[in-house]
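# Examining the three-dimensional arrangement
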Amino acid sequence: MMIDTKAIEKHIEGILYALGDNPTREGLKDTPKRVAKMYEEVFEGMNYTNHQIAEMFGKTFEEGIDDYSTTTGKVVVMKDIDLFSYCEHHMALMYDMKATVAYVPNGKVIGLSKIARVCDMVGRRLQLQEKVGKDIADIISEITGSEDVAVLLEACHSCVSARGIKKNSAKTYTSELRGGFIDNPSLQIYLRGGI
């Protein structure tokens, strides 16, 4: 399913009317088109399934990683990956989002830039923060063949900071832990900053 920018333009124009404004005035006349173009960009991930994203960023390398395992405590960890997403409840921005992605290679590793690209593409959907972590973990697991995957997320939610309760400094933390990251202390230390 591709994003229908013409339909978005039409609906944004209707929203502007519903807000009591005039979509034909100078400052708003191109707003529906701009919003549609922005939505096409920020919701790009909605065009793809997790499997398609895994295929898109699935380049792996096998050389020199034979001794990685849950028993050796060797793990790949990428921290502070910037991304954003939009809450499906209010279509509100989840911002200042940072991801930590960790996995124990199962005979192959994914290129580091691909980890960041997976996070970025998954974020470009309407969803809950918990789903962002689950989908990233699903994709990393599919690409690497590893069952030992962890995704930690922290984010601010504009539906909390800019409306409703208006708590500007509140952050939400979520974790998706699989395999050895659930109960193996030698792997969990990587998630607490013990590298």
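So, here's what we can say about the structure. It should be emphasised that the depicted structure is a prediction, and the values quoted were computed from it without experimental measurement.

So, how was this worked out
Residues numbered from 1 in each chain as written. Predicted model: local features only at pLDDT ≥ 70, side-chain atom pairs only at ≥ 80, totals over all residues. Heavy atoms only, no water. Helix = DSSP H or I, 4+ residues; strand = E, 2+ residues; numbered from the N terminus. Buried < 20%, exposed > 50% of the residue type's maximum accessible area, 1.4 Å probe, protein only. Contact = heavy atoms within 4.5 Å. Pairing = 2+ DSSP bridges. Axes fitted to C-alpha atoms, helices over the stretch in contact; angles between N-to-C directions. Parallel < 35°, antiparallel > 145°, perpendicular 65-115°, else oblique. Left-handed = near helix turned anticlockwise from the far one by under 90°. Nonpolar A, V, L, I, M, F, W, Y, C, P; charged D, E, K, R; others polar. Core = buried A, V, L, I, M, F, W, Y, C linked by side-chain atoms within 4.5 Å. Expected span 1.5 Å × (residues − 1).

### Observations concerning the overall build of the chain
Regarding its fold elements, the chain presents eight helices and seven strands. Along the first, second and third principal axes, the C-alpha atoms of the chain reach 65 × 35 × 20 Å. Looking at the 195 residues of the chain, the share that counts as buried comes to 42%. Considering only contacts in the chain between residues 6 or more positions apart, those separated by 24 or more positions represent 69%.

### Points about unusual backbone geometry
Within the chain, Asp80 stands out as a residue other than glycine whose phi angle is a positive 55°. Residue position: Asp80 is located in strand S2 (residues 76-87). Residue Asp80 is classed as exposed on the basis of its relative accessible area of 55%. In the Ramachandran plot, Lys166 falls in the positive-phi region, its phi being about 55° despite a non-glycine side chain. With respect to the helices, strands and loops of the structure, Lys166 is situated in the loop between helix H6 (158-161) and strand S7 (172-177).

### Quick look at the sheet that holds strand S5 (residues 126-127)
Two strands in a sheet stick together by hydrogen bonds in their backbones, pointing the same way (parallel) or opposite ways (antiparallel). One open sheet holds the five strands; their spatial order is S5-S2-S3-S6-S7, and the pairing between them is mixed. Of all strands in the sheet, those bounded by a partner on one side alone are S5 and S7. Bridging between S2 and S5 involves two bridges; their strand directions are parallel. In the sheet register, Tyr86 faces S5, and the bridge partner there is Leu126.

### A few points about the packing of helix H1 (residues 5-18) against helix H2 (residues 31-42)
Taken N-terminus to C-terminus, the directions of H1 and H2 make an angle of 130°; their axes are 8 Å apart at the nearest point. Between H1 and H2, the interaxial angle falls into the category oblique. Considering how the two elements wind past one another, H1 and H2 form a crossing that is right-handed. The residues of H2 that touch H1, namely those facing Thr5, Ile8, Glu9, Ile12, Glu13 and Leu16, are Thr31, Pro32, Lys33, Val35, Ala36, Tyr39 and Glu40. Split into classes, the residues belonging to the contact of H1 with H2 amount to seven nonpolar, two polar and four charged.

### Concerning the side chain of Ser158
Looking at the secondary structure, you find Ser158 in helix H6. Setting aside chain neighbours within four positions, we find Ser158 in contact with Ala92, Leu93, Tyr95 and Arg163.

### Focus: the nonpolar core
With 29 residues, the main nonpolar core has Val101, Tyr103, Val118, Ile136 and Ile140 as its most contacted residues. Where this core is concerned, the elements lending two or more residues are helix H3 (50-56), S2, strand S3 (93-103), strand S4 (109-110), helix H4 (112-123), helix H5 (129-144) and strand S6 (149-157). The biggest single contributor to this core is H5, with six residues. Those residues in contact with Tyr103 that lie beyond four places of it in its chain are Val75, Val76, Lys108, Val109, Ile110, Ile115, Ile140, Thr144, Asp148, Val149 and Phe181. Leu16, Leu28, Val35 and Phe43 belong to the second-largest nonpolar core, a separate cluster that totals 10 residues.

### Concerning the pairing of S2
Each regular strand displays side chains that alternate between the two surfaces of the sheet. Across eight bridges, S2 lies against S3 in antiparallel orientation. When the sheet's bridge partners are listed, Ile81 is paired in S3 with Ala99.

### Re H5
For H5, with 16 residues, the first-to-last C-alpha span of 23 Å sits near the 22 Å given by 1.5 Å per residue. Of all the positions in H5, only Gln129, Val132, Gly133, Asp135, Ile136, Ala137, Ile139, Ile140, Ile143 and Thr144 are classed as buried. Two residues or fewer past H5, Gly145 is found with a positive phi of approximately 75°.

This is a description of form; function is not addressed.
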